[in-house]
Amino acid sequence: SCKSASTGYAPFELNYGYMPRTMTLAHTTEALPGLRDFADRARQNLMDAHDAIIASRVFQTTQANRRRSDHPSIEVGTLVYLSTKN
């Protein structure tokens, strides 16, 4: 789980009070082949999810930048409207 920029906490940590650690396997896993398979699958799932997030960000950035235009050239003395919203 990734920490939120606004809260500083990951959703899992807020829900359950702790952050789970990723598995680290010792040298004794030869006796437990199912454990190695499980860990490899979990690691692959994390990598796939990470790649999907990156691909989604790239796509969203590309789509957002399609609608953007260059800044207009404003020179000293040019009359402009200003927003007082913020």
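Placed above this text is the structure.
Here goes a summary of the coordinates provided. (Residues numbered from 1 in each chain as written. Predicted model: local features only at pLDDT ≥ 70, side-chain atom pairs only at ≥ 80, totals over all residues. Heavy atoms only, no water.)

**A short note on the overall build of the protein**
Cut-off, in case you're wondering: Here a strand is any run of E in DSSP of at least two residues, a helix any run of H or I of at least four, and the numbering for each starts at the N terminus. For every residue, the accessible area obtained with a 1.4 Å probe (protein chains only) is divided by the maximum for its type, and the residue is called buried under 20%, exposed over 50%, and partly exposed between those limits. Residue burial considers only the protein chains on display, and all accessible areas are found by Shrake-Rupley using a 1.4 Å probe.
Helices and strands together make up the secondary structure of the protein, namely two helices and zero strands. Residues classed as buried in the protein amount to 3% of the 86 residues present. Only carbon and sulfur atoms are counted for the fraction: they give 56% of the accessible area of the protein, which is about 8,500 Å².

**Re the pattern of salt bridges**
Cut-off, in case you're wondering: When a carboxyl oxygen of Asp or Glu lies within 4 Å of a side-chain nitrogen of Lys or Arg, that pair is called a salt bridge.
Summed over the entire model, instances satisfying the criterion amount to one salt bridge. Of the charged contacts in the structure, one is a salt bridge between D40 and R43, with a shortest N-O distance of 3.6 Å. Here D40 pairs with R43, and both are found in helix α2 (residues 33-66), just three residues apart, close to one helical turn. Residue D40 is classed as partly exposed on the basis of its relative accessible area of 34%. On the accessibility criterion, R43 (40% relative accessible area) is partly exposed.

**A word on a nonpolar patch on the surface**
Basically, it comes down to this: Patches were defined on residues exceeding 30% relative accessible area and lacking a salt bridge, with like-charge contacts within 9 Å and nonpolar side-chain contacts (Val, Leu, Ile, Met, Phe, Trp, Tyr) within 5 Å.
A cluster of nonpolar side chains, namely L32, L35 and F38, defines an oily patch on the protein surface of about 260 Å² accessible area. Mapped onto the elements, L35 comes out in helix α2. Taking the relative accessible area as the measure of exposure, L35 reaches 32% and is therefore partly exposed.

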